[in-house]
Amino acid sequence: MSGFLSSSIARKVAMALSALFLIIFLLIHLTVNITSLFSENIFNELSHFMGTNFLIQFLMQPVLIFGVVFHFVMGFVLEIKNRGARSVKYVKYNGAANASWMSRNMAISGGVILAFIVLHFIDFWFPEMNHKYIEFLPEDPTRYFAELQHKFTDPLRVGAYVISFVLLALHLLHGFQSAFQSVGLNKYTKCVKTLGKIYAIAIPLGFITIALFHYFSQLNH
């Protein structure tokens, strides 16, 4: 594996494939959470299924988590390699004229997003593991909606979520298209670029809507 990842092309392909895990992870996560806007029962049912299904808990979820973490770790590795390769500075080189700020600072946004993902697991995944495997509390299929709402009572936490998803949108605007190009789908560039823009805006906007909806819906209670 280390020999494979020593190739710059292999590292980019690995980065692109792990990006697809992030795309899938976000899509599945949003699909479940968006139901909390219109149906407490449906959200509880889906969350209970996701939290108790053996294949999801012990096969899909670990693979997705590994893929997401690997994506960001590999991003930092690529950034270090690229900075090393640019150790000889060109007098007339103007980075801003050759690439967008986002494409030149993917490691920065990636670091913030990775920190957010850690916060998200602390908020949701750790309590789930504690409920089932540490305290061995009885199964309660109706607890998920209340737990979700509780996480969005603190305005500082809600603000952190909103900022993180704005950065995620900027990250995806560059990363989505880059991932597909890295796996050789250049001939679909126009289509991928359009799809990437829709995805990069719609997915983060969906999560921001969920956070703000539950925060404001509890202000008068």
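Scroll up a little and you will see the structure.
A quick note: this is a predicted structure, and the numbers were derived from the prediction, not measured.

1. Quick look at a nonpolar patch on the surface
Then comes step 1: The grouping of Phe21, Phe54, Leu55, Phe58, Leu59, Met60, Val63, Tyr133 and Ile134 at the surface amounts to a nonpolar patch, some 900 Å² of accessible area in total.
Then comes step 2: Of all the secondary structure elements, the ones that give two or more residues to the nonpolar patch are α4 (54-85) and α7 (106-134).
Then comes step 3: The leading source of residues in the nonpolar patch is α4, at six residues.
Then comes step 4: Considering the arrangement of structural elements, one finds Leu59 in helix α4.

2. Some points on the packing of aromatic side chains
Think of a pair of aromatic rings as described by two things: how far the centres are apart, and how the planes are tilted against each other in angle.
Then comes step 1: Within this structure, the stated rule accounts for five aromatic pairs.
Then comes step 2: Ring geometry for Phe152 and Tyr161: centres 5.3 Å apart, planes at 85 degrees, overall edge-to-face.
Then comes step 3: With a relative accessible area of 3%, Tyr161 lands in the buried category.
Then comes step 4: A centroid spacing of 4.6 Å and a plane angle of 5 degrees characterise the contact between Phe165 and Phe207, whose relative ring orientation is stacked. With Phe165 in helix α9 (residues 155-182) and Phe207 in helix α10 (residues 189-217), this pair connects stretches of sequence that are 42 residues apart.

Parameters at a glance
- Residues numbered from 1 in each chain as written.
- Predicted model: local features only at pLDDT ≥ 70, side-chain atom pairs only at ≥ 80, totals over all residues.
- Heavy atoms only, no water.
- Patch = residues over 30% accessible without salt bridge, like charges linked within 9 Å, V, L, I, M, F, W, Y side chains within 5 Å.
- Areas by Shrake-Rupley, 256 points an atom, 1.4 Å probe, with all protein chains shown as cover.
- Salt bridge = Lys/Arg side-chain N within 4 Å of Asp/Glu carboxyl O.
- Helix = DSSP H or I, 4+ residues; strand = E, 2+ residues; numbered from the N terminus.
- Phe/Tyr/Trp six-rings, centres within 6.5 Å; stacked < 30°, edge-to-face > 60°.
- Buried < 20%, exposed > 50% of the residue type's maximum accessible area, 1.4 Å probe, protein only.

These values are about where atoms sit, not about what they do.
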